[in-house]
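Here is how the chains run, residue by residue.
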Amino acid sequence: MLSKLQYISQGNTVQEQLHNIQHALDQGCDWIQMRFKNGTSEETFALAESVKKICHQYDANFIVNDNVSLAKIIDAEGVHLGLNDMPISKAREILGTDKIIGGTANTLEEVISQTKNGCDYIGLGPLRFTNTKANLSPILGMEGYQNIMNELKKYNTSIPIYAIGGINLNDIEMLLATGIYGVASSSLITQSSIEDELIIQLNEKLYGTVII
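**Describing the side chain of Asn 106**
Then, in step 1: Positionally, Asn 106 belongs in the loop between strand S5 (100–105) and helix H5 (108–116).
Then, in step 2: Assessed through its relative accessible area of 8%, Asn 106 is described here as buried.
Then, in step 3: Within the structure, Asn 106 has its side chain in polar contact with the backbone oxygen of Pro 138 (distance 2.9 Å).
Then, in step 4: Excluding anything up to four places from it in sequence, Asn 106 contacts Leu 124, Gly 125, Pro 126, Ser 137, Pro 138, Leu 140 and Ile 148.

Below, the structure written as structure tokens:
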């Protein structure tokens, strides 16, 4: 079963990335998506190697954002691909059937297309404005999630949908009520001053109990 809480890493340096990832793992996250846009190829590879080792120690899933070649080389659990990245079908050929491939979507049509292309889960968003990502897609809002999830029922699909983009702790119940599977969070976890309590609270809301 896929974890319902995914941490998308933040940090402008390898050291910042490792610090934030380590802390997220320490506090109960068991799925790390490594997103490192500012590093050189050498820095990104070194970071990926370190993150894989750390995630292995915590028995946590480790996926790479965008970079299929890197995910293949270091044997990560998978990759997350944006709409303008490598096609999911091509990534599946490279990584094989046993790897996790996630896809981004912003509309119902994109959710259907990504599902047909064979991804394992979809990151649907953004809920609201966020500084985390450049070239942000149109804001969905809670109503947008509800409309898309309602329409998805007509297609009889059970693919896990993760909400993403500017999510707060108080959004979780309403998001779950729309039918989404989980949340992918970056700034919420990285910037929280009560991170230890926050991840416990997130897991409580997502699972209905504390995940230890």
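Here the narrative resumes, following the displayed structure.
**Let's talk about the nonpolar core**
Generally speaking, a soluble globular protein has its nonpolar side chains buried in company with each other.
Then, in step 1: Phe 62, Leu 124, Ile 161, Val 183 and Ile 189 are the most contacted members of the largest nonpolar core, which has 57 residues in total.
Then, in step 2: Of all the elements, helix H2 (residues 41–57) adds the most residues to this core, at five residues.
Then, in step 3: Leu 2, Ile 63, Ile 100 and Tyr 181 belong to the second-largest nonpolar core, a separate cluster that totals seven residues.

**Digging into the side chain of Ser 3**
Then, in step 1: Along the chain, Ser 3 turns up in the segment before strand S1 (5–8).
Then, in step 2: Polar side-chain contacts of Ser 3 include one of 3.1 Å to the backbone oxygen of Leu 5.
Then, in step 3: Every residue in contact with Ser 3, bar those within four places of it in the chain, is listed here: Asp 30, Trp 31, Tyr 162, Tyr 181 and Tyr 207.

**A short note on the sheet that holds strand S8 (residues 182–185)**
Then, in step 1: The strand order around the closed barrel formed by eight strands is S1-S2-S3-S4-S5-S6-S7-S8, and the pairing between neighbours is parallel. Across this sheet, the average inter-strand angle for adjacent strands is 25°, counted without regard to direction.
Then, in step 2: Relative to strand S2 (residues 31–34), S1 runs parallel, the two sharing two bridges. Bridge pairing links Tyr 7 to Ile 32 in S2.

**Observations concerning the packing of helix H1 (residues 14–26) against H2**
Then, in step 1: Contact geometry of H1 with H2 gives a least axis separation of 10 Å together with a crossing angle of 15°. Considering the angle they form, H1 stands roughly parallel to H2. For the crossing formed where H1 meets H2, the hand is right-handed. Mapping the contact onto sequence places Val 14, Gln 17, Leu 18, Ile 21, Gln 22 and Leu 25 in H1 and Glu 43, Leu 47, Ser 50, Val 51, Ile 54 and Cys 55 in H2.
Then, in step 2: A class-by-class count of the residues in the contact of H1 with H2 yields eight nonpolar, three polar and one charged.

Calculation rules
- Residues numbered from 1 in each chain as written.
- Predicted model: local features only at pLDDT ≥ 70, side-chain atom pairs only at ≥ 80, totals over all residues.
- Heavy atoms only, no water.
- Helix = DSSP H or I, 4+ residues; strand = E, 2+ residues; numbered from the N terminus.
- Buried < 20%, exposed > 50% of the residue type's maximum accessible area, 1.4 Å probe, protein only.
- Polar contact = N/O pair within 3.5 Å; in protein donor to acceptor, adjacent residues only side chain to side chain.
- Contact = heavy atoms within 4.5 Å.
- Core = buried A, V, L, I, M, F, W, Y, C linked by side-chain atoms within 4.5 Å.
- Pairing = 2+ DSSP bridges.
- Axes fitted to C-alpha atoms, helices over the stretch in contact; angles between N-to-C directions.
- Parallel < 35°, antiparallel > 145°, perpendicular 65-115°, else oblique.
- Left-handed = near helix turned anticlockwise from the far one by under 90°.
- Nonpolar A, V, L, I, M, F, W, Y, C, P; charged D, E, K, R; others polar.

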